[in-house]
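Residues per chain are reported as follows:
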Amino acid sequence: MLVFSSNSLLKIGLPRYLNTLPLLHFLKVEGVADLYLLTPSEINSALQNKELQAGLASSLFYAKNFKDFLILPDLSISTVGKVRSVILYHKVPLPELNQCPLGITPETETSFGLLRIILEEFFHIKPEYLILKKKIIQGALKEELFKLSGYLAIGDEALLLEREEVFPFSTDLAEIWLKKTHLPFVFALFIARKDLLDTEREKLKIFLSALYLSRAKGLSALQEIVETSHLPLNKDFALKYLHHLEFDFSGLKQRAFLHFCKLLYKKRIIKEVPKLYFFEL
Ligand SMILES: C=C(O[C@@H]1C=C(C(=O)O)C=C[C@H]1O)C(=O)O
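The model shown is predicted, which means the values in this text are computed figures rather than measured ones.

Colleague: For this particular structure, what's the right way to read the overall build of the protein chain?
Modeller: Counting secondary structure elements, the protein chain contains eleven helices and eleven strands. Each principal axis of the C-alpha distribution contributes one length, and for the protein chain these read about 55 × 45 × 40 Å. In the protein chain, which comprises 281 residues, the proportion classed as buried is 56%. Nonlocal contacts in the protein chain, meaning residues at least 24 apart in sequence, comprise 79% of its contacts between residues at least 6 apart. Here the protein chain carries 36 positive and 32 negative side-chain charges, and the mean point of each set is 4 Å from the other.

The structure is reproduced here in structure tokens:
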């Protein structure tokens, strides 16, 4: 069970992955916010349950719940092409995955939606999806691995699994998305609960200006950030990974996100195409 403090500071959730370090490394928010490093799924459900007031949540979570949230301007986790940390690992080539069992990491919402769009809409493949209780790297049962034809990993697990060679094939979902749509892909958006803004608006503004500053500093110090990371990854690989990630929500990314939403709506994964509601600073 997650435990959140009961003080009057803003409670903010961020994915506990290497990819948020450029935002976090220089972030100073003492006296304004408590930061909780969680999985994206935990952030989504804590935002839904009002245990968190804001967080870097799955973009698909915003699409499903856009009436209750505001987007904090110009923040995201996105890529144009290869992301390296949202990977379908598989045992047979992609076209042979029809009706095969695919394990899904319990930590994702957006990437599972993207996987469905890619397999079902772009490749006309309909596998059997199994949302696992634990990610593979935490030691999901060996038999479970044996039974699966593929596994969708995100975040640090996806980066680490590349070295394990459990599956002979790997497909980078953001790379396929770019090939098929010529668009970037937006995995996460920084959102805040609308109903808490009456009381927390000023604190959120202070938090945001600290976040914009720490993003600017972080993006100019990626080498330093990579050196402080404890992940057992080759440092050059980690640097290349962070170089390729983008943390803004430009006009093109807004259109790309809405295009993703239209495809999600077509498959009835969401009930309506969301509006982009922004927090006004
Ligand atoms: C690119 C990534 O984006 C993540 C993917 C998410 C999802 O699939 O719901 C949510 C937040 C992001 O941290 C990643 O973490 O690897």
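What follows picks up the thread again.
Colleague: What's the story with the pairing of strand E10 (residues 185-193) in this structure? I'm lost.
Modeller: Within a regular strand, side chains alternate between the sheet's two faces. Counting buried residues along E10, nine of its nine residues qualify, which places the element largely inside the surrounding structure. With five bridges connecting them, strand E3 (residues 54-58) and E10 associate as antiparallel partners. Paired with Gly-55 across the two strands is Ile-191, which belongs to E10. Bridging between strand E4 (residues 69-79) and E10 involves seven bridges; their strand directions are antiparallel. Bridge assignment links Ile-77 to a residue of E10, and that residue is Ala-188.

Colleague: Looking at this structure, I do not really get the packing of aromatic side chains. What am I missing?
Modeller: Here a ring pair, both rings aromatic, is described through the centre-centre distance and the interplanar angle of the planes. Taken as a whole and assessed by the stated rule, the structure comprises 14 aromatic pairs. Considering the side-chain rings of Tyr-62 and Phe-257, the 6.4 Å spacing of their centres and the 45 degrees angle between planes classify their relative orientation as tilted. You can see Tyr-62 sitting in helix H3 (residues 59-65) and its partner Phe-257 sitting in helix H11 (residues 251-266), a full 195 residues away along the chain. The class for Tyr-62 is buried, based on a relative accessible area of 0%.

Colleague: Explain the pattern of salt bridges to me, please; I cannot follow it from the model alone.
Modeller: Pairing between side chains of opposite charge can happen when the charged atoms of each approach one another. In this structure the tally under the stated criterion is 15 salt bridges. The salt bridge involving Lys-64 is made with Glu-109; its shortest N-O contact spans 2.8 Å. You can see Lys-64 sitting in helix H3 and its partner Glu-109 sitting in the loop between strand E6 (101-104) and helix H4 (110-122), a full 45 residues away along the chain. With a shortest N-O distance of 3.0 Å, Arg-193 and Asp-195 are connected by a salt bridge. Among the residues examined, Asp-195 registers a relative accessible area of 39% and is labelled partly exposed.

Colleague: Which parts of the structure should I look at to understand the site of the ligand?
Modeller: As a matter of local geometry, the ligand sits amid 17 residues, with Asn-19, Ser-58, Ser-85, Thr-108 and Ser-111 nearest to it. Separating an oxygen atom of the ligand from a side-chain N or O atom of Ser-111 is a distance of 2.6 Å. In the complex, 100% of the free accessible area of the ligand, which totals 380 Å², lies under the protein chains. Put simply, the parts of the chain that give the shell around the ligand at least two residues each are H4 and E10. Across the shell around the ligand, the residue classes tally to nine nonpolar, seven polar and one charged.

Colleague: Where do I start with unusual backbone geometry in this structure?
Modeller: Among all residues save glycine, negative phi is the norm, and among peptide bonds the norm is trans. Even without being a glycine, His-124 presents a positive backbone phi close to 55 degrees. For His-124, a relative accessible area of 66% gives the class exposed. The backbone of His-182 shows a phi angle near 60 degrees, a positive value even though the residue is not glycine. Tracing the chain through its elements places His-182 in the loop between helix H7 (173-181) and E10. Relative accessible area serves as the criterion here: at 65%, His-182 is assigned to the exposed category.

Definitions and limits used
Just so you know, the residues in each chain are numbered from 1, in the order the chain's sequence is written. In view of the model being predicted, local features appear only for residues whose pLDDT reaches at least 70, and side-chain atom pairs are presented and counted only at 80 or more, with totals across whole chains, interfaces and linings using the full set of residues. Hydrogens and waters are ignored; side-chain quantities use all the structure's heavy atoms. Elements are defined by DSSP. Helices are runs of H or I of four residues or more, strands are runs of E of two residues or more, and each kind is numbered from the N terminus. Summary of the burial criterion: residues with accessible area below 20% of their type's maximum are buried, those above 50% are exposed, and those between are partly exposed, where the area comes from a 1.4 Å probe applied to protein chains only. Whether two residues are in contact is decided by their heavy atoms, any of which lying within 4.5 Å being enough. Charge counting treats Lys and Arg as positive and Asp and Glu as negative, with His and both chain ends excluded. Where a charge sits is defined by one atom per residue type, namely NZ (Lys), CZ (Arg), CG (Asp) or CD (Glu). Paired strands, in this sense, are two strands between which DSSP finds at least two bridges. Aromatic rings from Phe, Tyr and Trp, with only the six-membered ring used for Trp, were paired whenever their centres fell within 6.5 Å, and each pair was classed as stacked if the ring planes differed by under 30 degrees, edge-to-face if by over 60, and tilted otherwise. The salt bridge definition used is simple: a Lys or Arg side-chain nitrogen within 4 Å of an Asp or Glu carboxyl oxygen. Here, proximity means that at least one heavy atom of the residue falls within 4 Å of the molecule or strand. Each polar contact in these results corresponds to two N or O atoms within 3.5 Å; when the atoms are within protein, one needs to be able to donate a hydrogen and the other to accept it, and residues that are neighboring in sequence are counted only if both atoms are side-chain atoms. Here, Shrake-Rupley sampling with a 1.4 Å probe gives the accessible areas, and only protein chains in the shown set may cover a residue. Ten residue types, Ala, Val, Leu, Ile, Met, Phe, Trp, Tyr, Cys and Pro, are classed as nonpolar, four, Asp, Glu, Lys and Arg, as charged, and the remainder, Gly among them, as polar.

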